[in-house]
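Chain by chain, the residues:
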Amino acid sequence: MGCGIGDILGVIIGTLFGLPYVTRIIAGVIFGFIFGFIFSAIPLLKADMPFVSAAKIIVTTETLSILVMEAAEAGTELLFPGMRKMGLLHIQYWIGLLTALAAGFVVAFPVNYALVKKGIRHHH
């Protein structure tokens, strides 16, 4: 959830500031990792886990999932027709972002399932 929100937010902010398209995607990936980390840290920190311990768990258990999701989202955003030229006021831009988010979820789901099944990751 966090990486999807972060990715979309990064791309939108990049679009608002008129950044080049590839820079927007890079911003989305960076925001995706930041938000993915934050969303994963919240339940661990609420359980009184020290930050360093929580960070180690998150890096170990979430990196592959976030990486796969971000790759699918970035690839979809690069390939979606018109997203490079469309701005925030065009429906095609928003359809592209939603398609990228869906692609990220679809690709990351089996990765997360395999990580949970192997005991590397747990349900929050």
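Residues numbered from 1 in each chain as written. Predicted model: local features only at pLDDT ≥ 70, side-chain atom pairs only at ≥ 80, totals over all residues. Heavy atoms only, no water.

### Re the nonpolar core
Ranked by size, the top nonpolar core spans ten residues in total: Ile8, Val11, Ile12, Tyr21, Ile25, Ala74, Phe80, Met83, Tyr93 and Leu97. Broken down by secondary-structure element, the contributors of at least two residues to this core are helix H1 (2-16), helix H2 (21-46) and helix H4 (91-117). Element by element, the count of residues in this core is highest for H1, at three residues. The residues contacting isoleucine 12, other than those within four sequence positions of it, are Leu88, Tyr93, Trp94 and Leu97. (Core = buried A, V, L, I, M, F, W, Y, C linked by side-chain atoms within 4.5 Å. Buried < 20%, exposed > 50% of the residue type's maximum accessible area, 1.4 Å probe, protein only. Helix = DSSP H or I, 4+ residues; strand = E, 2+ residues; numbered from the N terminus. Contact = heavy atoms within 4.5 Å.)

### Side note on the packing of H1 against H2
Where H1 contacts H2, the axes come no closer than 6 Å and their chain directions differ by 145 degrees. Taken as a pair, H1 and H2 cross one another with a handedness that is right-handed. Where H1 approaches H2, its residues Gly2, Cys3, Ile5, Gly6, Asp7, Leu9, Gly10, Val11, Ile13, Gly14 and Thr15 are matched on the opposing element by Arg24, Ala27, Gly28, Val29, Phe31, Gly32, Phe35, Gly36 and Phe39. Its residues placed into classes, the contact of H1 with H2 shows ten nonpolar, eight polar and two charged. (Axes fitted to C-alpha atoms, helices over the stretch in contact; angles between N-to-C directions. Left-handed = near helix turned anticlockwise from the far one by under 90°. Nonpolar A, V, L, I, M, F, W, Y, C, P; charged D, E, K, R; others polar.)

### Focus: the packing of aromatic side chains
One pass over the full model with this rule turns up four aromatic pairs. A ring pair is formed by phenylalanine 31 and phenylalanine 35, whose centres lie 6.3 Å apart and whose planes are at 10 degrees; its orientation type is stacked. With phenylalanine 31 and phenylalanine 35 both in helix H2 and four residues apart, this pair spans about one turn of that helix. Pairing tyrosine 93 with tryptophan 94 gives two aromatic rings, centres 5.5 Å apart and planes at 85 degrees, and the pair type is edge-to-face. (Phe/Tyr/Trp six-rings, centres within 6.5 Å; stacked < 30°, edge-to-face > 60°.)

### With respect to the side chain of glutamate 77
With respect to the element layout, glutamate 77 can be found in helix H3 (residues 51-79). Buried within the structure, glutamate 77 lacks any salt-bridge partner; its nearest side chain of opposite charge belongs to arginine 24, at an N-O separation of 9.0 Å. Those residues within four positions of glutamate 77 in sequence are excluded, and the remaining contacts are Asp7, Ile8, Val11, Tyr21, Ile25, Met83, Leu97 and Ala100. (Lys, Arg positive; Asp, Glu negative; His and termini not counted. Salt bridge = Lys/Arg side-chain N within 4 Å of Asp/Glu carboxyl O.)

### With respect to the environment of phenylalanine 80
Checked against the element boundaries, phenylalanine 80 lands in the loop between H3 and H4. Considering only alpha carbons, one finds phenylalanine 80 and phenylalanine 17, 63 residues apart in sequence, at a separation of 20 Å. Not counting residues up to four positions away in its chain, the partners in contact with phenylalanine 80 are Gln92, Ile95, Gly96 and Thr99.

### Things to note about the side chain of aspartate 7
Within the secondary structure layout, aspartate 7 lies in helix H1. With no salt bridge to any partner, buried aspartate 7 finds its closest opposite charge in arginine 24, at an N-O distance of 12 Å. Sequence-distant contacts of aspartate 7, that is, excluding residues within four places in its chain, are made with Gly28, Val29, Phe31, Gly32, Glu70, Glu73 and Glu77.

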